[in-house]
Each structure stands twice: as structure tokens, then as C-alpha cells.
Amino acid sequence: MLLGNFLIGMREGLEAALVVSILIAYLVKTGNRRALVPVWTGIAIAVALAVGFGIALTAASSEMQFKTQELFGGVLSIVAVCLVTWMVFWMRKTARFMKSELEGRLEGALNVGPLALAAVALLSVGREGIETVLFLWTNIQSSSGGSTQPIIGAALGLVVAIVLGYLLYRGGLKINLGRFFTWTGGALIVVAAGVFGYGFHDLQEADVLPGLNAVALEPHVFFDKLGTPGDWLQTVLQGVLNVTPQITWLQLVMWAAYLVPVMALFLRKTGPSRPAPAPKKAVEPAPSS
């Protein structure tokens, strides 16, 4: 779980870091340093809201009965996967235009005032923060080995993302962002498939869906035969792919139903958009003699 959450923290954190660096660089470049105060205020509020959202989820879940907790976790897992999937495809499509889009919003906010600047920063960073917290929370809840390692993995990923974002801002690091988001997006889809399947397993444990005892695979039997190496391998596979000791048929089917079509769509090459054909000029009638 440490590696999986590290990937989530780094991928999602770098998106937020890129947003922040674009906003700050634009204000510095255009000589609007006074506007940095409301922008940093909006960023701070966005971070606080994301942290508060995670605390609220944990507190609400801890007060629930077992079946209610499983229902809550299962629904949020599916919602989180839907949000992350949308984000992965959105980033792939609009990464090239993100800078110009953010700068356009910021330019308009400069003409309105400090509150508008804070709102742009809050909305731009807050969306990334809420998505990240929700996906990390659901991934941590599916961990059977405690929450310490997943939290450490997420924290390390966020630290790496902040460092990369700062280096990109200072110009000390050159990254092919298109390739980076393609590779990490594919890896994130694999992680999301495990969360998606485990979300349906949670719904089975909540007695919302049937088939909890219809076991398709028992990876723990194979890992137990390997001894100590099997324990390490099971920990890695469960942390990255959510390969649980027992996998129900519904969990396996939903895992495949998500992974196969989503990965196929993500890896499909999209050709360059064709320019619109020039309008045909109307043929003028020949002048009458």
C-alpha cells in the first residue's frame, strides 16, 4: 500500500504543484506581486479544506457500525475511482492548454479584485486536493495492514511532488509532462481498478450485494506456500493492486470490467485534430453582355 499511495500522492500532488507554479509565475512575470497575498490565501484555504475533508471522512466512518462503515467505504471507493478516471482523461486532453487557461482566469480576476484572485486559487487547487484526499482515503481504508504505511507513502509522494513542482518553477528541471502524465496515468488506472473492485467487495460485506462467499481466487494459499517471500509479495501486490487474500467473483469481474475498457481507451492514440475546411467561395455570375 505504501507504493500505491506514493504514486497517488506524487501524481495528484504534482498536478496541484503545477497549478500553483503557473499562478505564481504569471503574477511575478506580469509584475503583480501584490496579488500573491490573496492567491496564497486561496491556496492555504484549499489545503485546509482538503485536510478537513479527510478528517471529516475518518471521523464519520469511525462512528458507524460495521455494515454501515462498509457501505460508506464501498460507495466512496466507487465515487473516488470515477473522479480519478475523469481527472486522468481530462489531464491527458487539456494538459497542453492548462497554462493558458489558468493565466486567462487569473488575468480576468486581476481586474475584479483580491477576492476573485483568492477564488481562482481556491477552486484551482481545491479540486485537486479534494480528489486526492478522497482517493487516498478510500485506498487506505482498503488496506488490511493498518494505515501507517499508506499514510507514509502518500506523504512521501506529496513531498516529491512539491520538490518537482518547485524545480519546474525555478527552471532547474525539465520533464516531458505529456509522457509523465501518460505513464503515471496508466499506472493510476491499474491502482484505481483495485480500488473499484474492492469497493464492490465492501458492498458485499455490507450485505447490499450478494456473493460474499462465492470466492473466485485465494491468493493467500499460493503466498502461504512460498513462506517468507510470499508474505512480502502479498504485501506488495495488495498495496499496489489491491490483491486481497480472498477475491470474490463479483470483485474480480468488476476489476476486469473497469481495467480493460478504461485502459484500452486511455492507450488509444488520438490523432491530431484536422483543421476545419475553408468555406467555399460563392461563384459570382458572369456579367451579362
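Residues numbered from 1 in each chain as written. Predicted model: local features only at pLDDT ≥ 70, side-chain atom pairs only at ≥ 80, totals over all residues. Heavy atoms only, no water.

## Looking at helix α5 (residues 114–141)
- With 28 residues, α5 extends 39 Å from end C-alpha to end C-alpha; this agrees with the ideal 40 Å at 1.5 Å per step.
- The sharpest bend along α5 comes to roughly 30°, located at glycine 126.
- The buried count for α5 comes to 20 of 28 residues, which makes it a mostly enclosed element. (Helix = DSSP H or I, 4+ residues; strand = E, 2+ residues; numbered from the N terminus. Expected span 1.5 Å × (residues − 1). Bend = angle between axes of the 7 residues up to and from the residue. Buried < 20%, exposed > 50% of the residue type's maximum accessible area, 1.4 Å probe, protein only.)

## So, the pattern of salt bridges
- Under the criterion given, the structure shown has two salt bridges.
- Between aspartate 207 and lysine 67 there is a salt bridge; the shortest N-O distance is 2.5 Å. A residue pair is termed long-range when its members are at least 10 positions apart, and aspartate 207 in the loop between α7 (177–205) and β1 (215–217) and lysine 67 in helix α3 (residues 66–94) qualify at 140 residues.
- Ionic pairing is found between glutamate 128 and arginine 127, a salt bridge with its closest N-O pair at 3.4 Å.
- Among the residues examined, glutamate 128 registers a relative accessible area of 1% and is labelled buried.
- Of the residues examined, arginine 127 reaches a relative accessible area of 33% and is grouped as partly exposed. (Salt bridge = Lys/Arg side-chain N within 4 Å of Asp/Glu carboxyl O.)

## Focus on the environment of valine 260
- Along the chain, valine 260 turns up in helix α10 (residues 249–267).
- Between the alpha carbons of valine 260 and alanine 193 there is a distance of 9.3 Å; along the sequence they are 67 residues apart.

## Considering the packing of aromatic side chains
- Taken as a whole, this structure holds four aromatic pairs when the rule is applied.
- Measuring from centroid to centroid gives 5.8 Å for phenylalanine 89 and phenylalanine 266, while their planes differ by 90°, and the two rings are edge-to-face. Here the residue phenylalanine 89 occupies a position in helix α3, and phenylalanine 266 occupies one in helix α10, the gap between them amounting to 177 residues.
- The partly exposed category is assigned to phenylalanine 89, whose relative accessible area is 27%. (Phe/Tyr/Trp six-rings, centres within 6.5 Å; stacked < 30°, edge-to-face > 60°.)

## Examining the side chain of threonine 138
- Relative to the helices and strands, threonine 138 is located in helix α5.
- Threonine 138 has contacts with Leu76, Ser77, Ala80 and Val195, leaving out every residue within four places of it along the chain. (Contact = heavy atoms within 4.5 Å.)

## Quick word on a nonpolar patch on the surface
- Residues Leu71, Val75, Val79, Leu83 and Val208 make up a contiguous nonpolar surface patch of roughly 350 Å² in combined accessible area.
- Residue position: leucine 83 is located in helix α3.
- Residue classification places leucine 83 among the partly exposed positions, given a relative accessible area of 33%. (Patch = residues over 30% accessible without salt bridge, like charges linked within 9 Å, V, L, I, M, F, W, Y side chains within 5 Å. Areas by Shrake-Rupley, 256 points an atom, 1.4 Å probe, with all protein chains shown as cover.)

## Some words on the confidence of the model for the chain
- For the chain, the mean per-residue pLDDT works out to 79, and 81% of the residues sit at or above 70.
- Per-element confidence in the chain is highest for α10, whose mean pLDDT is 93, and lowest for helix α9 (residues 228–241), whose mean pLDDT is 65. (pLDDT = per-residue confidence, 0-100.)

## Observations regarding the packing of helix α4 (residues 98–112) against α5
- Direction vectors running N to C along α4 and α5 enclose 150°, while the axes themselves pass 7 Å from each other. Taken as axis vectors, α4 and α5 run roughly antiparallel relative to one another. Contacts between α4 and α5 involve Leu102, Arg105, Leu106, Ala109, Leu110 and Val112 from the first element and Ala116, Leu117, Val120 and Ser124 from the second.
- Classifying every residue of the contact of α4 with α5 gives eight nonpolar, one polar and one charged. (Axes fitted to C-alpha atoms, helices over the stretch in contact; angles between N-to-C directions. Parallel < 35°, antiparallel > 145°, perpendicular 65-115°, else oblique. Nonpolar A, V, L, I, M, F, W, Y, C, P; charged D, E, K, R; others polar.)

## Quick word on the side chain of aspartate 202
- Checked against the element boundaries, aspartate 202 lands in helix α7.
- Buried and unpaired, aspartate 202 has lysine 67 as its nearest opposite-charge partner, separated by 13 Å.
- Sequence-distant contacts of aspartate 202, defined by excluding residues within four places in its chain, comprise Glu70, Gly73 and Gly74. (Lys, Arg positive; Asp, Glu negative; His and termini not counted.)

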